[in-house]
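Read off the chains here:
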Amino acid sequence: MYADVVFPLKLPPLTYKVPENAPHDLKGRIVKAPLMGKSHYGVVISVTNESTIGEKKNINEIQSIHPHFASESTLSFLKWLSDYYLTSMGIALKSSFFEETIKAWVMGHGSWVMDKAKDKNGSVSQSLAHCPLPLVPSDFYSSVKEKKYKSFLFHAPSISHEYSLLNEVLNKSRSDMQGAIILVPEIGQIEGFASMLENIFGEKVCVLHSRLTKKKRMDAVMRIITRQSDVILGTRSAIFAPLKNISFIAVLNEHSPSYKGKEGLRYNARDAAVMRGFIEKSCVLLSSVCPSIESIYNSKIGKYAQITSSNESMRPKIKIIDINKYKEKALTISKDVLKEAKDIVSKGERFLFLVNRKGYSLIRCKDCGHIVQCKKCEVPLVFYKGRDIVRCPYCGYEEKVSESCEECKGFNIKPFGAGTERVREELEDALKTDALLIERAKNAPKTISELSPDFTSFVIGTAYATKKLRDEKFDAAALFNMDMLLSMPDFRAYERTFQEVTQISQMVKPDGTIFLQSWNPKNKVFRFIRNYDFHGFYEYELSQRKMLDYPPFSRIILFNIFLKKDVQKFLHDIQKVIEDTNTDGMEILGPVEIPSALKSYKHCIQMLLKSKDRKLIHNRAKNLLGKLEKLKGIKININVDPLKI
């Protein structure tokens, strides 16, 4: 007998000879086998009577850590992850808490004590109160009870509705539930949800996320595989929890980019959740206040069933500010916003200012239009006025601000655009009051009350601030650099902007106002945003995607090839590989050189593959990868269904 074994390494399955005394049910068991001069733990994925390869090494040990670490459905899921995301099964196994299982067994595990999550802000509990619920179709509950796969999409009128629906369906189907995975995009959301789940399921709840200590992760995994816990709450990696039986999977805020892995296995947890639900025959619930274009499309073609709500949520007004009408164009904050801010101060209320850039501004020559850029990354350097330096947001390079333009040698260089520091300076100068700046830092406080013992009317920050303050409620908000968001060279730019404004609307009181400043207020997307016209926006965006042949009407795969030198030679070699590859039915954009995101590699060459045929593009991409991997001195990152290009 021979067994194919997968190790948590970037390797394909390897074949070993099975000991004569091995149990008949070897598939899915953890074994120990020789590899690269050492013994390593792996999982048996198949057993055969004969092997086409010559002499084989013996499996050393068959472990009793867990009778079967991987069930038939788990192995199917790992294989799908490997095939779909063009990686080895070893990398998929490494992502599935396999090493935590091994360490927990080898080191021994003590009694597991669950961290009681304290709902400090009461955010989820408050959200559940006085919230009318949509009519949940009967086949939702039968899907949970009878373990039949079906995916449902809930376009929630508000986050409160989203949380309330989850609470309702969990309470109603509690007795029929044989295992559940609840995904949230950010670790900061876990506390409140853990309290809610404990009220329903008690000690069966287990939390999984990247900030757990190694011991807590091991303890959590042991609770899961010994079936003490079968309700898993966590961020994206929790979709890999080694549950034996799953009847329900929920993905909250399903549109969030946080569900997309950025390194290693670059999976999308939302898509992985749907596939795991299909394999495990589970009910899957996706919910969001502004669902992704892909999910809306899937509901339109019948792949997902829709849960609709007749209850309209009260939302803050949205005002589009035309900056062109102001004479004081040197100022970042418009008169309309300053007037509202002054009124906010007088009432003792709170105003949130959001800017998508740290620092003071960029630096631009008014004579020739040149913007100071990083020589390595070719991105604009950010000006920090207090230190009189410009700094690269990617590689960290910094230098003193030059007095003259490096292009035209002129001396008319000025701050350009808005950063958090500039907004703060203008606000404090105009209103003679302090403003609180929230930016990413180590040991950053979680709430406004922790940040400042004194009440503050004005809070300024980047997207990071919206994560830290998601449970706060403001009386008004202003968003700057909107045109930059909309003009990004990415087909998802409009979708991302619409989602961002919708998400921020949840942080502003229903009778409040959101101000969006723009040099181009007639941009069509502003009409959809101002009226919260989801239907109109989705129809428009889908028509644009269809016309340009972008997802969801096609599949895309992004290749980033990193190298240390000889760019022109590699471009020539890559072009030759492409010419030798069958590209029928597939479009290849590139190869082109882009700034490298890796410090150890100076250069990066990018290619984008696009096709309407999913199987074709995956087969061609796999073939192309095999040829590229033969080139020496390079590192290849593949991103299937990238969120950013």
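The coordinates are above.
Counting from 1, residues in each chain are numbered in the order their sequence is written. At least 70 in pLDDT is required for a residue's local features to be given in this predicted model, at least 80 for side-chain atom pairs to be given and counted, and no such filter applies to totals for whole chains, interfaces and linings, which use all residues. The basis for every side-chain value is the complete set of heavy atoms in the structure, and neither hydrogens nor water enter the calculation.

### Quick word on the overall build of the protein
Link 1 in the chain: Summing up its helical and strand segments, the protein has 20 helices and 27 strands in all.
Link 2 in the chain: Computation of the radius of gyration draws on C-alpha atoms, with the globule rule given as 2.2 Å multiplied by the number of residues to the power 0.38. Relative to its length of 645 residues, the protein is compact, with a C-alpha radius of gyration of 27 Å against a globular reference of 26 Å.
Link 3 in the chain: For the protein, the C-alpha atoms occupy an extent of roughly 85 × 65 × 45 Å along the three principal directions.
Link 4 in the chain: Using a 1.4 Å probe, accessible areas were evaluated by the Shrake-Rupley method; residue-level cover was limited to the displayed protein chains. As presented, the protein carries roughly 30,600 Å² of accessible surface, and 50% of it is formed by carbon and sulfur atoms.
Link 5 in the chain: Within this scheme the basic residues Lys and Arg register as positive and the acidic residues Asp and Glu register as negative, but His and the chain ends are omitted. By convention, the point assigned to a charge is CZ for Arg, NZ for Lys, CD for Glu and CG for Asp. Between the averaged position of the 98 positive side-chain charges in the protein and that of its 74 negative side-chain charges there is a distance of 2 Å. Helix and strand assignments come from DSSP, with helices taken as H or I runs of at least 4 residues and strands as E runs of at least 2, each series counted from the N terminus.

### A few points about the pattern of salt bridges
Link 1 in the chain: Basic side-chain nitrogens of Lys or Arg form a salt bridge, by our definition, when they fall within 4 Å of a carboxyl oxygen of Asp or Glu. In the structure shown here, the tally under the stated rule is 31 salt bridges.
Link 2 in the chain: Its salt-bridge partner being Asp230, residue Lys204 comes within 3.7 Å of it at the nearest N-O pair. Within this pair, whereas Lys204 is found in the loop between α7 (190–201) and β8 (205–208), its partner Asp230 is found in the loop between α8 (214–225) and β9 (231–234), the two being separated by 26 residues in sequence.
Link 3 in the chain: Three exposure classes are used, based on accessible area relative to the maximum for each residue type with a 1.4 Å probe and protein chains only: buried under 20%, partly exposed in between, and exposed over 50%. Note on Asp230: relative accessible area 16%, which makes it buried.

### Focus: the nonpolar core
Link 1 in the chain: Residue types Ala, Val, Leu, Ile, Met, Phe, Trp, Tyr and Cys, when buried and joined through side-chain atoms within 4.5 Å, form a set referred to as a nonpolar core. In this structure, Leu516 and Phe559 are the most contacted members of the largest nonpolar core, which totals 117 residues.
Link 2 in the chain: A contact between two residues is defined here by any heavy atoms of the two lying within 4.5 Å. Contact partners of Leu516, with chain neighbours within four places excluded, come to Ile318, Lys319, Ile320, Ile321, Leu479, Met482, Val501, Phe526 and Ile529.

### Side note on the environment of Phe69
Link 1 in the chain: Mapped onto the fold, Phe69 is located in the loop between β5 (61–62) and α1 (72–84).
Link 2 in the chain: Residues Phe69 and Ile30 lie 39 residues apart in sequence; the distance between their C-alpha atoms is 6.5 Å.
Link 3 in the chain: Residues within four places of Phe69 in sequence aside, it is in contact with Gly28, Ile30, Val43, Leu93, Ser96, Phe97, Phe98, Thr101 and Pro242.

### Thoughts on unusual backbone geometry
Link 1 in the chain: Following Pro551, the chain continues into Pro552 via a peptide bond in cis, with omega recorded as 15 degrees.
Link 2 in the chain: Within the secondary structure layout, Pro552 lies in the loop between α18 (534–548) and β24 (555–563).
Link 3 in the chain: Residue Pro591 follows Gly590 across a cis peptide bond; omega there is 10 degrees.
Link 4 in the chain: Examined against the element boundaries, Pro591 turns out to sit in strand β25 (residues 587–595).

### Looking at helix α16 (residues 493–505)
Link 1 in the chain: The span you would expect from a helix comes to 1.5 Å times its residue count less one. Taking 1.5 Å per residue as the helical rise, α16 with its 13 residues ought to reach 18 Å, and the 18 Å between its terminal C-alpha atoms agrees with that figure.
Link 2 in the chain: For α16, the complete set of buried residues consists of Ala493, Glu495, Thr497, Phe498, Gln499, Val501, Thr502, Ile504 and Ser505.

### Some details on the packing of helix α6 (residues 159–172) against α7
Link 1 in the chain: Axis separation between α6 and α7 bottoms out at 10 Å; the angle between their running directions is 20 degrees. In terms of orientation, α6 and α7 fall into the roughly parallel class. Crossing geometry of α6 relative to α7 is assigned as right-handed. Together, Tyr163, Leu166, Asn167, Leu170 and Asn171 of α6 and Phe193, Met196, Leu197, Ile200 and Phe201 of α7 make up the contact between the two elements. To get an axis, a line is fitted to the C-alpha atoms, and for a helix only the part in contact is used. The angle between two axes follows their N-to-C directions and goes from 0 to 180 degrees. Note that the term roughly parallel is reserved for angles under 35 degrees, roughly antiparallel for angles over 145, roughly perpendicular for angles of 65 to 115, and oblique for everything else. Note on convention: near helix rotated counterclockwise from far helix by under a right angle means a left-handed crossing. Clockwise means right-handed.

### Looking at the packing of α16 against α18
Link 1 in the chain: Contact geometry of α16 with α18 gives a least axis separation of 11 Å together with a crossing angle of 160 degrees. Of the possible angle classes, the one that applies to α16 and α18 is roughly antiparallel. In the crossing of α16 with α18, the sense of the turn from one axis to the other is left-handed. In this structure, α16 contributes Tyr494, Glu495, Phe498 and Thr502 to the contact, and α18 contributes Phe534, Phe537, Tyr540, Glu541 and Arg545.

### With respect to the packing of aromatic side chains
Centre distance and the angle of the planes are the two values used to describe a pair of aromatic rings.
Link 1 in the chain: Pairing of aromatic rings covers Phe, Tyr and Trp, the last through its six-membered ring, and needs centres within 6.5 Å; plane angles under 30 degrees mean stacked, over 60 mean edge-to-face, and all others mean tilted. For the structure shown, the criterion picks out 26 aromatic pairs.
Link 2 in the chain: Measuring from ring centre to ring centre gives 4.6 Å for Phe491 and Tyr550, while their planes differ by 10 degrees; the resulting arrangement is stacked. Separated by 59 residues along the polypeptide, Phe491 in the loop between α15 (482–486) and α16 and Tyr550 in the loop between α18 and β24 bring together distant segments of the chain. Tyr550 shares its class with Phe491; the two are buried.
Link 3 in the chain: Ring centres of Phe498 and Phe534 lie 5.3 Å apart, and the angle between their planes is 75 degrees; this geometry places the pair in the edge-to-face category. Of the two residues, Phe498 is situated in helix α16 and Phe534 in helix α18; the sequence distance between them amounts to 36 residues.
Link 4 in the chain: Taken together, the ring pairs in this structure connect Phe77, Trp80, Tyr84, Tyr85, Phe240 and Tyr267 into an aromatic cluster.
Link 5 in the chain: Distance and angle both matter: a charge sits over a ring if NZ of Lys or CZ of Arg is within 6 Å of the ring centre and within 35 degrees of the ring normal. Between Arg527 and the ring centre of Phe528, over which it is positioned, the NZ or CZ distance is 4.9 Å.
Link 6 in the chain: When the ring centre of Tyr601 is taken as reference, the NZ or CZ atom of Lys564 above it lies at 5.4 Å.

### Quick notes on the sheet that holds strand β11 (residues 283–288)
Link 1 in the chain: Taken in spatial order, the seven strands make up an open sheet running β8-β9-β7-β10-β11-β6-β12, and their pairing is parallel. Either end of the sheet is taken by a strand with one partner, and the two such strands are β8 and β12 (305–307). Ignoring strand direction, the axes of neighbouring strands in this sheet form an average angle of 20 degrees.
Link 2 in the chain: Pairing between two strands requires that DSSP report at least two bridges joining them. Where β8 lies against β9, four bridges are found, and the strand directions are parallel. Residue pairing for β9: Leu208 is matched across the bridge by Gly234.
Link 3 in the chain: Contacts between α8 and the sheet are confined to β8 and β9, with β8 contributing the most and set at about 140 degrees to the helix.

### As for the sheet that holds strand β16 (residues 382–384)
Link 1 in the chain: Taken together, three strands build an open sheet; the order of strands is β16-β17-β18 and the sheet is antiparallel. Here the strands that pair on one side only, and so sit at the sheet edges, are β16 and β18 (398–400). On average, adjacent strands in this sheet sit at an angle of 30 degrees to one another, irrespective of strand direction.
Link 2 in the chain: Summarising the sheet, β16 and strand β17 (residues 389–391) pair through three bridges and their orientation is antiparallel. Across the sheet, residue Val382 finds its bridge partner in β17, namely Arg391.

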